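Structure at a glance
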Amino acid sequence: MMVCEYKPGLEGIPAAQSSISYVDGQKGILEYRGIRIEELAEKSTFLETAYLLIWGKLPSKEELETFEHEVRYHRRIKYRIRDMMKCFPESGHPMDALQASAAALGLFYSLRDLHNPVYIRDSVVRLIATIPTMVAAFQLMRKGNDPVRPRDDLDYSANFLYMLDEREPDPLMARIFDICLILQVEHTMNASTFSARVTASTLTDPYAVVASAVGTLGGPLHGGANEEVIQMLEKIGSVENVRPYIEDCLQSKSKIMGFGHRVYKVKDPRAIILQNLAEQLFEKFGHDKFYDIAQEMELVVEEKLGSKGIYPNIDFYSGLVYRKMGIPTDLFTPIFAIARVAGWLAHWKEQLAENRIFRPTQVYNGLHEITYTPIDKR
Ligand SMILES: CC(C)(COP(=O)(O)OP(=O)(O)OC[C@H]1O[C@@H](n2cnc3c(N)ncnc32)[C@H](O)[C@@H]1OP(=O)(O)O)[C@@H](O)C(=O)NCCC(=O)NCCS
């Protein structure tokens with residue numbers, strides 16, 4: 001057997017062959033099925049992009065209408081799921097609520113027929129349709145309110161924003177939210193996608209695949225970073241405090257949230273689009289002083305860490321956009337999951353098409369031949 005060098009974090013080691021997305025971290029390029037994200041952000045919708053990723057091609061007009069129709073009419077969640085969610089502690093993190101609810105879907109749709117394209121399609125539709133409803137339901141129930149029924153006359157993103165507070169969103173806000181979902185839907189072999197593929201490789205159901213990926217996305221080094229960006233901006237408080245804050249972080253060797261990326265060594269192309277969307281929001285709905293702090297941070301971090309390839313990543317500006325939309329900070333990562341579920345499902349389908357269960361090896365660095373010490377002798 002070939003002996004490979006151990007790489008912490010599997011850095012640089014291919015974990016799968018995939019035709020879903022492509023990143024060039026030196027040039028700052030991200031493509032979904034070969035199409036640049038800048039073009040999709042301008043011309044596509046989240047559901048069309050989800051279709052592209054999952055079925056490998058842009059849908060025809062008819063295919064898209066059918067898909068949108070199916071998703072629209074599967075948005076409602078079962079009363080028993082809602083009742084289960086009502087029992088969750090209000091103080092719990094919405095990502096934990098989402099993980100439990102996604103896993104619970106598997107109890108209701110337990111038939112597992114992975115060779116049947118109808119089962120695959122139904123599962124895709126159900127997960128993409130119901131995850132936003134579950135996020136919104138928990139948001140209202142933790143405040144002591146009843147969840148709002150989805151509105152069939154609203155499109156995907158407008159309906160989600162409506163379900164958060166029962167107010168129909170401004171069309172620009174809904175469109176910008178939809179673009180944010182496009183930007184967050186897929187990103188090659190990141191931690192949550194890897195987790196989804198490992199789970200998928202055991203041939204379990206897609207609800208378990210999504211639940212395990214949601215659990216992985218929640219950590220602060222992955223999806224959770226956008227929440228920490230807002231906490232950091234609140235802590236910094238003013239433009240004058242930016243430089244001392246960054247100097248402190250560098251001295252104490254702590255990471256500055258929203259900066260740096262394992263793959264991108266230039267500014268993340270998604271951050272460039274999000275920054276532009278944030279500016280559109282500020283223009284229409286009023287300036288946000290956090291944006292001034294963020295811009296100063298970008299300058300100082302570039303000055304100090306640009307030579308190491310540390311630039312803003314997607315989480316740096318997504319938090320500012322969601323905050324301006326009035327979305328609570330701890331929903332930022334569940335919203336990331338609403339988007340990313342379509343990417344995970346694309347990987348689930350790709351994994352099933354040429355499945356081999358993941359079974360890596362390890363480098364054992366423990367002891368051998370140790371004798372058992374009875375408990376009263378330890
Ligand atoms: C994303 C992240 C985990 C990538 O980590 P990585 O690929 O292991 O990057 P490295 O730790 O190898 O970074 C190389 C150097 O830059 C430094 N660096 C990386 N990100 C940094 C950050 N956000 N703040 C300060 N220094 C940073 C590292 O300390 C390291 O310095 P060294 O060479 O002196 O040891 C890391 O950049 C990070 O923790 N960022 C903050 C969290 C975040 O925004 N996550 C969202 C990612 S989309």
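Note: the structure precedes this text.
In what follows, the accompanying structure is described. Quick caveat: nothing in here was measured; it's all calculated off a predicted structure.

1. Remarks on the overall build of the chain
- Scanning the chain for helices and strands turns up 16 helices and three strands.
- In terms of C-alpha radius of gyration, the chain reaches 22 Å, essentially the compact-globule figure of 21 Å for 378 residues.
- By principal-axis analysis of the C-alpha atoms, the chain measures approximately 70 × 55 × 50 Å.
- The buried share of the chain, reckoned over its 378 residues, is 50%.
- For the chain, the accessible surface area stands at approximately 18,900 Å², while carbon and sulfur atoms represent 52% of it.
- Considering the chain, the positive charge centre built from 44 side chains and the negative charge centre built from 50 side chains are found 4 Å apart.

2. Observations concerning the pattern of salt bridges
- What the rule picks out here adds up to 21 salt bridges.
- A salt bridge links lysine 304 to glutamate 247; the nearest nitrogen and oxygen atoms lie 3.2 Å apart. In this pair, lysine 304 is assigned in helix H14 (residues 289-305) and glutamate 247 in helix H12 (residues 242-251), connecting sequence segments 57 residues apart.
- Each of Arg151, Asp153 and Glu168 takes part in salt bridges that share partners, so that together they form one network.

3. Here's the deal with the site of the ligand
- Near the ligand there are 16 residues, and of these Ile256, Gly258, Phe259, Arg262 and Lys308 occur at the shortest range.
- For the ligand, an oxygen atom lies 2.8 Å from a polar atom in the backbone of glycine 258.
- Against a free-state accessible area of 860 Å², the protein chains account for coverage of 69% of the ligand.

4. A look at the packing of aromatic side chains
- Applying the stated criterion to the full structure yields 14 aromatic pairs.
- Ring geometry for phenylalanine 160 against phenylalanine 177: centres 5.5 Å apart, planes inclined by 25 degrees, an arrangement best described as stacked. Separated by 17 residues along the polypeptide, phenylalanine 160 in helix H7 (residues 156-165) and phenylalanine 177 in helix H8 (residues 171-184) bring together distant segments of the chain.
- Since its relative accessible area comes to 2%, phenylalanine 160 is described here as buried.
- The class of phenylalanine 177 is buried, set by a relative accessible area of 1%.
- Note on phenylalanine 194 and phenylalanine 358: the rings are 5.6 Å apart at their centroids and 90 degrees apart in plane angle, and the pair reads as edge-to-face. With a gap of 164 residues between them, phenylalanine 194 in helix H9 (residues 191-200) and phenylalanine 358 in the segment after helix H16 (332-353) connect regions that are remote in the sequence.
- A residue is classified by how much of its surface remains accessible, and phenylalanine 358, at 22% relative accessible area, is partly exposed.
- Connected via pairs of aromatic rings, a cluster forms that spans Phe259, Phe282, Tyr291, Phe316 and Tyr317.
- Lying over the aromatic face of tyrosine 162, arginine 151 brings its terminal NZ or CZ to 4.9 Å of the ring centre.

5. Observations concerning the sheet that holds strand S1 (residues 21-24)
- Ordered in space as S1-S2-S3, the three strands form an open sheet in which the pairing is antiparallel. Each edge of the open sheet carries a strand with a single partner, namely S1 and strand S3 (35-36).
- Examined bridge by bridge, S1 and strand S2 (residues 29-32) share four bridges and lie antiparallel to one another. Note on S2: the bridge partner recorded for aspartate 24 is isoleucine 29.

6. Here we look at the environment of leucine 52
- With respect to the helices and strands, the residue leucine 52 is situated in helix H2 (residues 46-55).
- Judged by relative accessible area, which is 2%, leucine 52 ranks as buried.
- Measuring from C-alpha to C-alpha, the distance between leucine 52 and threonine 66 comes to 14 Å, with 14 residues separating the pair along the chain.
- Apart from residues no more than four positions distant in its own chain, leucine 52 is found in contact with Tyr32, Arg33, Ile35, Leu40, Lys57 and Leu58.

7. Observations concerning the pairing of S2
- The turn linking S1 back onto S2 is made up of four residues, and glycine 28 within it adopts a positive phi angle of 75 degrees.
- Sheet topology note: the S2/S3 ladder contains two bridges and is antiparallel. Bridging from a neighbouring strand, glutamate 31 pairs with arginine 36 of S3.
- Taken together, S2 and the strand that follows it, S3, pair antiparallel across an intervening segment of two residues, in which arginine 33 is found at a positive phi of about 50 degrees.

8. Some remarks on the packing of helix H4 (residues 79-86) against helix H5 (residues 94-108)
- Remark: H4 packs on H5, axes separated minimally by 11 Å, with the N-to-C direction vectors making an angle of 145 degrees. In this structure, H4 crosses over H5, and the sense of that crossing is right-handed. Residues Arg80, Ile81, Met84 and Met85 of H4 form the contact with H5, whose participating residues are Ala100, Ser101, Ala104, Leu105 and Phe108.
- Within the contact of H4 with H5, the residues separate by chemical class into seven nonpolar, one polar and one charged.

9. A look at the nonpolar core
- Within the largest apolar cluster, 122 residues are counted, with the highest numbers of intra-cluster contacts made by Phe46, Ile128, Ile131, Phe160, Met297, Ile327 and Trp348.
- The dominant element in this core, judged by the number of residues it contributes, is helix H6 (residues 117-141), at 15 residues.
- With residues up to four places along the chain from it excluded, the contact list for phenylalanine 160 reads Pro132, Val135, Ala136, Phe177, Ile335 and Ile338.

10. What to know about the side chain of histidine 347
- Looking at the element boundaries, histidine 347 is found in helix H16.
- Setting aside anything within four residues of it in sequence, one finds histidine 347 in contact with Ser18, Ile20, Glu186, Thr188, Met189, Thr193 and Arg197.

11. Some points on unusual backbone geometry
- With phi around 50 degrees, arginine 33 is a residue other than glycine that occupies positive phi space.
- You can see arginine 33 is positioned in the loop between S2 and S3.
- Phi at glutamate 166 takes a positive value of approximately 60 degrees, unusual for a residue other than glycine.
- With respect to the helices, strands and loops of the structure, glutamate 166 is situated in the loop between H7 and H8.

Cut-offs and rules
- Residues numbered from 1 in each chain as written.
- Predicted model: local features only at pLDDT ≥ 70, side-chain atom pairs only at ≥ 80, totals over all residues.
- Heavy atoms only, no water.
- Helix = DSSP H or I, 4+ residues; strand = E, 2+ residues; numbered from the N terminus.
- Rg over C-alpha atoms; globule rule 2.2 N^0.38 Å.
- Buried < 20%, exposed > 50% of the residue type's maximum accessible area, 1.4 Å probe, protein only.
- Areas by Shrake-Rupley, 256 points an atom, 1.4 Å probe, with all protein chains shown as cover.
- Lys, Arg positive; Asp, Glu negative; His and termini not counted.
- Charge placed at Lys NZ, Arg CZ, Asp CG, Glu CD.
- Salt bridge = Lys/Arg side-chain N within 4 Å of Asp/Glu carboxyl O.
- Near = heavy atom within 4 Å.
- Polar contact = N/O pair within 3.5 Å; in protein donor to acceptor, adjacent residues only side chain to side chain.
- Phe/Tyr/Trp six-rings, centres within 6.5 Å; stacked < 30°, edge-to-face > 60°.
- Lys NZ or Arg CZ within 6 Å of the ring centre and 35° of its normal.
- Pairing = 2+ DSSP bridges.
- Contact = heavy atoms within 4.5 Å.
- Axes fitted to C-alpha atoms, helices over the stretch in contact; angles between N-to-C directions.
- Left-handed = near helix turned anticlockwise from the far one by under 90°.
- Nonpolar A, V, L, I, M, F, W, Y, C, P; charged D, E, K, R; others polar.
- Core = buried A, V, L, I, M, F, W, Y, C linked by side-chain atoms within 4.5 Å.

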